[in-house]
Amino acid sequence: MNEKTFNELNLVPLIIRALTEKGYERPTPIQAAAIPPLLTGCDLIGCAQTGTGKTAAFALPILQKLFTNRKKAPPHGARVLVLTPTRELAAQVSESFKTYGRYLPLSHALVFGGVGQSPQVEALRRGVDVLVATPGRLLDLMNQKYAGLKSVEVFVLDEADRMLDMGFLPDIKRIIATLPRERQTLLFSATMAPEILKLAQGILINPVKIAVSPPASVADHIEEWVLFVEDANKRALLSELLKAPGMDRALVFTRTKHGANRLATQLEKTAVKARAIHGNKSQTTRMAALEDFRQGRCRVLVATDIAARGIDVAGISHVINFDLPNDPESYVHRIGRTARSGAKGIAISFCGASERLYLRDIERLLKRSVPVDENHPYHVSSFARSNHHPHATTRPDNRGGRGRFRGRPQRKKNRTAEGPLANARAI
Ligand code: AMP
């Protein structure tokens, strides 16, 4: 958190009141850095990922701008357009705008695919202040003349790297082509790959550049473990882990949609309340599953990377990588779902025979090894020997042969004595 207060950032009292009620005491670093230039109307490129407080970093100055310069958007138009890659993220961003702007007389619309379009058409009919949308459905509505972007004053491209990963570039270009030239533009991305910079160059004018928490350092307050296990034993290991006290709300990642479904069904059979979310599920089902998880009606949410993108559920105690991701940055994104807003979280990764190279890539990105927990009934020692990161044998954070049952490796002095398996000794 930053030394500055929201007052010092010159936000209006009606916004500060909403933030205080939400329990925000001070701006996060990205908020402290981004809000002042955004209030003056600058373009901005932000290298930041979910979890840094980036949504408020752009939402607060935008709300203030809308409020202090009241105007009516034309029918079907919007004053602000935020584009996000996924429906879940769109819903969350829209919710954030509503929360922070709850004392401001502004209107909002949320547009994404997978649900009927009529309510969205109706929401846009008279024009809105803030429109949050995913690209595909927005283009649909634009083509049918239910949405028009001529009145957009501020355009935000959120999670631009994911947009590109998901193949949205042509859609984004089509949307941008209809925006007024004179506007304020903000681009956020977790990485600054060359194609992002190229996109940024084409749409931003003299942007302020802000970078916070590069992905590889996000995991600071997350306790990480890797467990070597045969693929065939992963389910049994997961069941044991889920019995441990303190396993309050676990987000479990699988690589495939099919794997997510299968695992959730299997968990339900063992009386563990679980839901699955992935791209093949209808939007309504995904939202319902997320809500069940958020409300504590199910303890385990099984997800694929894309479905989990942007999920912001408070109190995720554990992230479990049932399958390791083949893209090391996904590892960082995944484990960032726990330990939000400074809380502690635990990330446990299962590593099967075919995943040892993925682990190596992850450790290369992190520039450190992930501590190994050998002390579980399914441990395969041959995996550990042949795979591990070159640092592993030389760093005190990974001393082979030790594990939670016999006293855990001490990667950090302030670690708690209990770990994910510490309470599962009986197995
Ligand atoms: P974001 O990076 O926008 O997804 O935000 C991550 C989480 O941080 C969300 O749960 C926000 O509600 C929370 N958050 C954002 N700004 C602050 C703040 N200044 N103080 C405390 N929590 C915050």
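Analysis parameters
- Residues numbered from 1 in each chain as written.
- Predicted model: local features only at pLDDT ≥ 70, side-chain atom pairs only at ≥ 80, totals over all residues.
- Heavy atoms only, no water.
- Helix = DSSP H or I, 4+ residues; strand = E, 2+ residues; numbered from the N terminus.
- Buried < 20%, exposed > 50% of the residue type's maximum accessible area, 1.4 Å probe, protein only.
- Areas by Shrake-Rupley, 256 points an atom, 1.4 Å probe, with all protein chains shown as cover.
- Core = buried A, V, L, I, M, F, W, Y, C linked by side-chain atoms within 4.5 Å.
- Pairing = 2+ DSSP bridges.
- Arc of directions from axis to C-beta.
- Phe/Tyr/Trp six-rings, centres within 6.5 Å; stacked < 30°, edge-to-face > 60°.
- Lys NZ or Arg CZ within 6 Å of the ring centre and 35° of its normal.
- Polar contact = N/O pair within 3.5 Å; in protein donor to acceptor, adjacent residues only side chain to side chain.
- Contact = heavy atoms within 4.5 Å.

S.K.: Just checking my understanding: could you explain the overall build of the protein for this structure?
M.R.: Check the secondary structure of the protein and you find 16 helices and 13 strands. Scored against the burial criterion, the 427 residues of the protein give a buried share of 56%. As presented, the protein carries roughly 18100 Å² of accessible surface, and 52% of it is formed by carbon and sulfur atoms.

S.K.: Mind showing me how you'd approach the nonpolar core here?
M.R.: In summary, soluble globular proteins display a tendency toward joint burial of nonpolar side chains. The biggest cluster of nonpolar side chains holds 40 residues, and the ones touching the most others in it are Phe58, Leu60, Ile62, Phe97 and Leu186. Put simply, the parts of the chain that give this core at least two residues each are helix H1 (13-22), helix H2 (29-39), helix H3 (54-68), strand S2 (78-83), helix H4 (87-100), strand S4 (128-133), strand S5 (154-157) and strand S6 (184-189). No other element matches H3, which puts eight residues into this core.

S.K.: What am I meant to see in the pairing of strand S13 (residues 345-351) here?
M.R.: Residues in a regular strand point their side chains to alternate faces of the sheet. Most of S13 is tucked away, with seven of its seven residues classed as buried. With burial as the criterion, each face of S13 is covered, one bearing Gly345, Ala347, Ser349 and Cys351 and the other bearing Ile346, Ile348 and Phe350. Where strand S8 (residues 222-228) lies against S13, seven bridges are found, and the strand directions are parallel. Looking at the pairing, Trp225 lines up with Ile348 of S13.

S.K.: What is the right way to read helix H15 (residues 356-366) from this model?
M.R.: Residues lying three or four places apart along an α-helix face the same way, a consequence of the helix completing one turn every 3.6 residues. Turning to H15, its buried residues are Leu359, Ile362, Glu363 and Leu366. For H15, the buried positions fall inside an angular range of 95° around the axis, keeping them on one side. Across H15 from its buried face, at more than 90 degrees, point the exposed residues Leu357 and Arg364. Where H15 ends, the next residue or the one after it, Lys367, has phi of about 60°, a positive value.

S.K.: Please clarify how unusual backbone geometry should be interpreted in this entry.
M.R.: In this structure, Glu159 takes a positive phi of about 50° despite not being glycine. Of note, Glu159 is situated in the loop between S5 and helix H7 (160-165). We classify Glu159 as buried; its relative accessible area is 1%. Notably, Ala271 is not glycine yet its phi reads approximately 70°, a positive angle. In this structure, Ala271 sits in the loop between helix H11 (257-269) and strand S10 (274-277). Since its relative accessible area comes to 69%, Ala271 is described here as exposed.

S.K.: Mind showing me how you'd approach the packing of aromatic side chains here?
M.R.: For any pair of aromatic rings, geometry is given as the distance between the ring centres together with the angle between the planes. For the structure on display, the rule yields four aromatic pairs. An aromatic cluster of three or more residues is present, and its members are Phe58, Phe97 and Phe188. A cation over a ring is seen here: Arg17 above Tyr103, with NZ or CZ 3.9 Å from the ring centre. When the ring centre of Phe322 is taken as reference, the NZ or CZ atom of Lys234 above it lies at 5.7 Å.

S.K.: In this structure, what is going on with the side chain of Arg79? I would like to understand it.
M.R.: Locating Arg79 in the fold gives a position in strand S2. A polar contact of 3.3 Å, which involves the side chain of Arg79, links it to the backbone oxygen of Leu66. A polar atom in the side chain of Arg79 sits 2.7 Å from the backbone oxygen of Asn69. If we skip the residues at most four places from it in the chain, Arg79 touches Lys65, Leu66, Asn69, Arg70, Lys71, Ala73, Val128, Asp129, Ser151, Val152, Glu153 and Val154.

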